[in-house]
Structures are given as structure tokens and as C-alpha cells.
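One letter stands for each residue in the lines below.
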Amino acid sequence: MTDVLARIEAALQRGEAAAERLDRRHSRLKKAAESTISGLDRLIETERRRANG
């Protein structure tokens, strides 16, 4: 029984570690997407000014 509990605890720890990695990855991807959108917005605005100017 103790072996089963130890295996369950180890699995929970691996799951928690994986969740933390996914959270960090999600955060990095979100920042990259926001940066890309910001750059595209600036490019669109620059092109609008150039077309009107």
C-alpha cells in the first residue's frame, strides 16, 4: 500500500511540474503574440499614414 501511495505522490509531483512548465510556456507565447500584434499595428498605422500622406 505504501508503494502505491508513493507512486501516486510521484505522479502528482510530475503533474504539478508539467503544469508549471505549461504555464510558463503559455506566458511566453502570450507575450510573443502581443508583441507581434503590437508590431503589426504599428506597421499598419505607418502604411496608412504613408498612403494618406
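Scroll up a little and you will see the structure.
Residues numbered from 1 in each chain as written. Predicted model: local features only at pLDDT ≥ 70, side-chain atom pairs only at ≥ 80, totals over all residues. Heavy atoms only, no water.

A look at a positive patch on the surface
Argument step 1. On the surface, a cluster of positive charge is contributed by Arg21, Arg24, Arg25 and Arg28.
Argument step 2. Note on placement: Arg21 falls in helix H1 (residues 2-52). (Patch = residues over 30% accessible without salt bridge, like charges linked within 9 Å, V, L, I, M, F, W, Y side chains within 5 Å. Areas by Shrake-Rupley, 256 points an atom, 1.4 Å probe, with all protein chains shown as cover. Salt bridge = Lys/Arg side-chain N within 4 Å of Asp/Glu carboxyl O. Lys, Arg positive; Asp, Glu negative; His and termini not counted. Charge placed at Lys NZ, Arg CZ, Asp CG, Glu CD. Helix = DSSP H or I, 4+ residues; strand = E, 2+ residues; numbered from the N terminus.)

Thoughts on a negative patch on the surface
Argument step 1. Taken together, the side chains of Glu9, Glu16, Glu20 and Asp23 present a region of like negative charge at the surface.
Argument step 2. Among the secondary structure elements, Glu16 is positioned in helix H1.
Argument step 3. Under the relative-accessibility criterion, Glu16 is labelled exposed at 53%. (Buried < 20%, exposed > 50% of the residue type's maximum accessible area, 1.4 Å probe, protein only.)

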